[in-house]
Protein chains: 2
Amino acid sequence: MSRVQAQLLTIGDELLAGDIIDRHKAWLGQRCRALGIEVVGAATVRDRREEIVAAMTQAASRAQLCLVTGGLGPTTDDLTAQAAASAAGVELERRPELAERLEAFFASRGRALLETNLKQADLPAGAEVLDNPIGTAAGFAVDIQGCLLFAMPGVPREVHKMMREQVEPRISARFALTPVPRRVYRAIGRGESSVQQDVHQRIEAARQRSPGLANVFVHYRARYPEVQLILEATPGPDGAAASAEELASLDPELCAALGRAVFAVGTQDGPAEIGPQLVRHLVESGQTLATAESCTGGGVGEAITAVPGSSAIYLGGVIAYANTVKQRQLGVPAQLLEAQGAVSEPVARAMAEGARAALGSDIAVATTGIAGPGGGSEDKPVGTVDIAVASERGTTYKRLRLFGDRAQVRRGAVSWALKLVWDHLELGHRVD
Amino acid sequence: MSRVQAQLLTIGDELLAGDIIDRHKAWLGQRCRALGIEVVGAATVRDRREEIVAAMTQAASRAQLCLVTGGLGPTTDDLTAQAAASAAGVELERRPELAERLEAFFASRGRALLETNLKQADLPAGAEVLDNPIGTAAGFAVDIQGCLLFAMPGVPREVHKMMREQVEPRISARFALTPVPRRVYRAIGRGESSVQQDVHQRIEAARQRSPGLANVFVHYRARYPEVQLILEATPGPDGAAASAEELASLDPELCAALGRAVFAVGTQDGPAEIGPQLVRHLVESGQTLATAESCTGGGVGEAITAVPGSSAIYLGGVIAYANTVKQRQLGVPAQLLEAQGAVSEPVARAMAEGARAALGSDIAVATTGIAGPGGGSEDKPVGTVDIAVASERGTTYKRLRLFGDRAQVRRGAVSWALKLVWDHLELGHRVD
C-alpha cells in the first residue's frame, strides 16, 4: 500500500512580498506526517484568480489531497472560493446557513453586515462546509479532478482548529491511514549539536534491538533556547515500524543523556512548553509566584499569564526597567546598583527577594540583563542576563550568555527564567 | 516596461515534513520587493531530481529570474546542481578552483577530503560561480531557457550573504530595475471590511485621475486589531504606473476615510508598528511612561521594551494580576474593587493614576479585562477590556469588546493600550 500524497497551497501576495513568514507549511507538514500522509510539494501563489486555479489544477494532477490556506476573507483580493469553483468546473453558490451565521455574528457585535461580508457565504457548488466557530471565514472541501481539496482560512489559530477538528477526521474517513507514533523530548539548557552528540550513540545502539527501532526517524528542532528531540516510528523500506511502547522504552536512557535540561516528555503533538508545565505544577502544589523584570520588560509575566488558569498562582510583578523602580518598588539598595551595576548577581538576588517580600508570594523570579543592541561592554556583553529565584528554600542564581539579537536575547531570557524556577523547585521532567 | 518577475524555489524534504519553518521565502520576498522585482510564486519540492528539474523548468517558463535555495550540500540527496544542469540542457563539470578550495578547507581542519565532498565542485557547464566565503557550498548562476537561475545554499546566514553580495549585484547588472512605489496606512480601531468599504469608493474615484492611478493595486492586511491598507503602483497591462507622489497625493482623502484609527503612513517597507511609533514620539517629546497591567499580564511592557531605546522613556510598571497587588502596589481602594469589580471603569482609572503616582511617570496606561476562557458573565463577557490613560491632561478611558480567544484578546488589548496612549496625546497620524 503506497502512502497518501498531499500538496500544500498557500495563497496571498503578503507571503511573496515578504510581509509574513509562512508557518503553515511546517505546521501542516507535521500534521500530515503524524497522520501518515506524505507531503510531496508546496506552492505559494498570488491573489490572482487564474494563478490560483492553475496551482489547484496542478496540485490535483500530482496528489490525492490538497490543503489550501488563505484567501477566504471578505475583501476583493480573497479569491480562493472563486478559484476552487473554476478548478472544479462548478459555479459559486450562496449558502443560506453561512449567510445567517454571518448576520448573527455581526448583529451580536452591533455592526452592520455589508454586502462584501456576504461574499464569505459563497462556496463552490457541491462543496462541503467546514465550520469555523472562531472566525467569519468558513472553510470548504471540494473535489477537483479526483483530488480532495480542503480550503482553510489564513489565520493561524483558525487553521489549527479547522485542520484538527474538521479536516483530519474527513481525511481519515476517506483514506486508510496509519498514524506514525512519535516521542518528543523538550529541553532548555543544551545546544542542538551537543544534544545530538549525546543521544546519537544511544539511539544507534537502540536500533539493533528490533526491526522497528532500526527504522526510527530522529530529528531535532531548535527554537532557541529550547531544543526538541523527536523520534518518529516511520516505517522503513522493509515495512517495519516501532510501536509507541517501543519508543517510550527509550525514555530512561534518553532522559539520562539529556540530563537536567529535559523538562517534559510526551507523544504526538508533544508535551506543553515550559510555561504551561510550570503553571500546572504550581496550581497542583498550591504555590504562588511573582516576577521582577528588567531586561525582559514584562515578558515573563506575559508568558505565565498566557496560560489559562494562571490567575490561581500568579500574583503579579514589577517591571523594574528604570533603576528608580528597582529601588522604590523592589527595595534594591541604591548603593548596590551603583557599586555592582544593574546587571549583577547581587541586584538580581535583591530584585527576586524584593518582589517576593513586596508581593507576598511563595516564589519570585527576577531578570536583569543586556538585551542590546546598545549597552554591552567587554565585561558584560550584549546577551548577558542574570536570573535569580527566591523562595523559602533560599535564593538561587545563574548568569547566562544568550545568543542573538534583542528579540532573541529577551525571548531566551523569558524561557530561561521559567526553567530556572523549575530547577529551583527541583521538578525534573514530567511525562505526559 | 513591465516589471522583472521572479520565482522562488526551495528544495528539501525537511521543509515539507514540518521540521523547519521556511523563512527564506519571506526574506527573499523582501529583498526582491526592495529591488523592484515582483515575486510571482514560490514552490517547495522534495530532494528528487526529476521534481527539481520540473520545478526549475516551470519557473523558467513563468519568470525571468529564479532564486533557488537548498540542495547544494555534499550528500546524495543534494541534487540542485545536477537538476539545474538537466534543466539547462548541459552536463555537470568539475571546477578546479572549487575543488582546490574544498581541499584547502578540509586540510585546514585536519579532515580527509572524501570523493563525496568533491561533488560540491561540480557545477553545470557554463554556470558562473557564486563565492561562499562562509561555507563549503558554492552557489552558481545559470541560464535556463532564458531565465536567470541563481542557486544558493540552504543555511540562512550563507543565503543572506550570498544574496546581498553575489546575487543582487548580478541582478542589477542584468536588468533595468525600477522599485515599485508603495503607500502603507496602518490603523487600529477599524475592521478590515469596514475599512475597505470606506476607502473603496475614494480609490475608485482616484482611478479616474490618471492611467497610473487606474492601475494601483490595493490590498488589506489584518493582524487583529490592526489593519493595513496598502497601495502599490504596479504597472498595468498598458504599462502605466503611478508615481510615489501620486500615491502620496491620496493621503488626505484616505486618512479622512480611515478617521481616527490611522496612526501611521509610510512608503516601501511600511511605517513602524504602534509600539515603535509611540516610543519615538515619547523620546522626541521627552515624556516618560509607566504601565499597570492586569489582563495583559506584562504584554504592554513587553511591547514597549521590545523597541530599542525604550529605556529612555519607559520607567517600568506593575503587573497587578491579583487584587492585593492592585491595592498594595497601585493604591486601588479595596472597596472600589469590591463594589465595581476588577474589570470596571473606576478600577481602570485608579490603576492608571496609581501607577503614574507610584512610578512617577508623565503618563501611565492601565489594562483590566477578561481574557478568557473563564471569568466571563452576561454583563462582562470574555473580551471585555477596560483601558485608562492618565497624564497631566487628566484620565481618559475606553471599554473594548475584543474578539477571539485568550491570546487574541490579550494581544488586542496590548495594541489598543498603546493606541489609546497615542490618542490620549492626540498624535493623529505620522507620515514617514
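Residues numbered from 1 in each chain as written. Chains lettered and ligands numbered in written order. Predicted model: local features only at pLDDT ≥ 70, side-chain atom pairs only at ≥ 80, totals over all residues. Heavy atoms only, no water.

Caption draft 1: Quick peek at the side chain of Asp22 of chain B. Checked against the element boundaries, Asp22 of chain B lands in the loop between α1 (13-16) and α2 (24-35). The exposure class assigned to Asp22 of chain B is buried, which follows from its relative accessible area of 3%. A distance of 2.7 Å separates the side chain of Asp22 of chain B from the side chain of Lys25 of chain A, its partner in a polar contact. With residues near it in sequence (within four places) discarded, Asp22 of chain B still touches Ile21, Asp22 and Lys25 of chain A together with Thr10, Leu15 and Thr44 of chain B. (Helix = DSSP H or I, 4+ residues; strand = E, 2+ residues; numbered from the N terminus. Buried < 20%, exposed > 50% of the residue type's maximum accessible area, 1.4 Å probe, protein only. Polar contact = N/O pair within 3.5 Å; in protein donor to acceptor, adjacent residues only side chain to side chain. Contact = heavy atoms within 4.5 Å.)

Caption draft 2: The interface of chain B and chain A, seen in detail. With 74 residues of chain B in contact, the opposing surface of chain A contributes 77 residues. Summing the contributions of chain B and of chain A, the shared interface buries around 5800 Å²; its carbon and sulfur component is 49%. The tally of links from chain B across to chain A stands at 9 salt bridges. Salt-bridge contacts for Arg48 of chain A lead to Glu38 of chain B; the nearest nitrogen and oxygen are separated by 3.9 Å. Viewed at the interface, chain A and chain B are joined by 33 residue pairs in polar contact (both at pLDDT 80 or more). Tallied by class, residues from the side of chain B that touches chain A come to 28 nonpolar, 28 polar and 18 charged. Examined bridge by bridge, strand β2 (residues 38-45) of chain A and strand β2 (residues 38-45) of chain B share 5 bridges and lie antiparallel to one another. Across the sheet, Thr44 of chain A pairs through a bridge with Ala42 of chain B, a residue of β2 of chain B. (Buried area = accessible area lost by both parts, 1.4 Å probe. Salt bridge = Lys/Arg side-chain N within 4 Å of Asp/Glu carboxyl O. Nonpolar A, V, L, I, M, F, W, Y, C, P; charged D, E, K, R; others polar. Pairing = 2+ DSSP bridges.)

Caption draft 3: Layout of helix α2 (residues 24-35) of chain A. All names here are of chain A. With 12 residues, α2 should cover 16 Å at 1.5 Å per step; its first-to-last C-alpha distance of 16 Å lies within 8% of that length. Counting buried positions along α2 gives 11 out of 12 residues, so the element sits mostly inside the fold. Within α2, burial applies to His24, Lys25, Ala26, Trp27, Leu28, Gly29, Arg31, Cys32, Arg33, Ala34 and Leu35. Within two residues after α2, Gly36 carries a phi angle of roughly 90 degrees, on the positive side. (Expected span 1.5 Å × (residues − 1).)

Caption draft 4: Region of interest: the sheet that holds strand β13 (residues 289-293) of chain A. Here 10 strands make up an open sheet; going across it, the order is β17(A)-β16(A)-β15(A)-β13(A)-β14(A)-β14(B)-β13(B)-β15(B)-β16(B)-β17(B) and the pairing mixed. The sheet terminates laterally at β17 (394-401) of chain A together with β17 (394-401) of chain B, the two strands that pair on one side only. When the angles between neighbouring strand axes are averaged without regard to direction, this sheet yields 10 degrees. When β13 of chain A meets strand β15 (residues 363-369) of chain A, the two strands line up parallel, connected through 5 bridges. By the bridge assignment, Thr291 of chain A is partnered in β15 of chain A with Val365 of chain A. This element, helix α14 (residues 323-330) of chain A, spans β13, β14 (314-320) and β15 of chain A together with β14 (314-320) of chain B of the sheet and lies at about 140 degrees to β14 of chain A. (Axes fitted to C-alpha atoms, helices over the stretch in contact; angles between N-to-C directions.)

Caption draft 5: Up close: the packing of aromatic side chains. Tallied over the full model, the rule gives 9 aromatic pairs over all chains. Seen from their ring centres, Phe105 of chain A and Phe106 of chain A are 5.5 Å apart, and the 70 degrees between their planes marks the pair as edge-to-face. Each of the two residues, Phe105 of chain A as well as Phe106 of chain A, counts as buried. Ring geometry for Tyr224 of chain B versus Phe403 of chain B: centroids 5.9 Å apart, planes at 70 degrees, classification edge-to-face. With a gap of 179 residues between them, Tyr224 of chain B in the loop between β10 (217-223) and β11 (226-232) and Phe403 of chain B in the loop between β17 and α17 (406-424) connect regions that are remote in the sequence. Taken together, the ring pairs in this structure connect Phe105 and Phe106 of chain A together with Tyr224 and Phe403 of chain B into an aromatic cluster. Here the guanidinium or amino end of Arg48 of chain A rests over the ring plane of Phe217 of chain B, the centre of that ring lying 4.6 Å away. (Phe/Tyr/Trp six-rings, centres within 6.5 Å; stacked < 30°, edge-to-face > 60°. Lys NZ or Arg CZ within 6 Å of the ring centre and 35° of its normal.)

Caption draft 6: Representation of the packing of helix α14 (residues 323-330) of chain B against helix α16 (residues 345-359) of chain B. All names here are of chain B. Running from amino to carboxyl end, α14 crosses α16 at an angle of 40 degrees, the nearest separation of the two axes being 9 Å. In terms of their interaxial angle, α14 and α16 are classed as oblique. Regarding α14 and α16, the two cross each other, and that crossing is left-handed. Residues Lys326, Gln329 and Leu330 of α14 pack against Val347, Ala350, Met351, Gly354, Ala355 and Ala358 of α16. Partitioned by chemical class, the residues of the contact of α14 with α16 number 6 nonpolar, 2 polar and 1 charged. (Parallel < 35°, antiparallel > 145°, perpendicular 65-115°, else oblique. Left-handed = near helix turned anticlockwise from the far one by under 90°.)

Caption draft 7: Just the sheet that holds strand β12 (residues 262-267) of chain A, in detail. Residues and elements named next belong to chain A. Judged by pairing direction, the sheet is mixed, and its 5 strands sit side by side in the order β10-β11-β9-β12-β18 without closing on themselves. Unpaired on one side and paired on the other, β10 (217-223) and β18 (430-431) mark the two borders of the sheet. Examined bridge by bridge, strand β9 (residues 182-188) and strand β11 (residues 226-232) share 7 bridges and lie antiparallel to one another. Its bridge partner lying in β11, Arg183 is registered against Leu231. Across the face of the sheet, helix α17 (residues 406-424) comes into contact with β9, β10, β12 and β18 while running at roughly 95 degrees to β9.

Caption draft 8: View of the pairing of β14 of chain A. All names here are of chain A. Burial within β14 is extensive, with 7 of its 7 residues counted as buried. In the sheet, β13 pairs with β14 via 5 bridges, with the strands oriented parallel. Bridge pairing links Ala290 to Gly316 in β14. Between β13 and its parallel partner β14, the chain crosses via helix α13 (residues 299-305), and the hand of that crossover is right-handed. (Right-handed = clockwise from strand over helix to strand, strands pointing away.)

Caption draft 9: Quick peek at the nonpolar core. Counting 70 residues, the largest nonpolar core has Ile304, Val385 and Ile387 of chain A together with Ile304, Val385 and Ile387 of chain B as the members making the most contacts within it. Apart from residues no more than four positions distant in its own chain, Ile387 of chain A is found in contact with Val365, Ala366, Thr367, Thr396, Tyr397, Lys398, Leu400, Ala413, Trp416, Ala417 and Leu420 of chain A. Within the second largest apolar cluster, 42 residues are counted, among which are Ala290, Ala292 and Ala355 of chain A together with Ala390 of chain B. (Core = buried A, V, L, I, M, F, W, Y, C linked by side-chain atoms within 4.5 Å.)

Caption draft 10: Layout of a positive patch on the surface. Taken together, the side chains of Arg23, Arg223 and Arg411 of chain A together with Arg23 of chain B present a region of like positive charge at the surface. Within the secondary structure layout, Arg411 of chain A lies in helix α17. (Patch = residues over 30% accessible without salt bridge, like charges linked within 9 Å, V, L, I, M, F, W, Y side chains within 5 Å. Areas by Shrake-Rupley, 256 points an atom, 1.4 Å probe, with all protein chains shown as cover. Lys, Arg positive; Asp, Glu negative; His and termini not counted. Charge placed at Lys NZ, Arg CZ, Asp CG, Glu CD.)

Nothing here speaks to function; it is geometry throughout.
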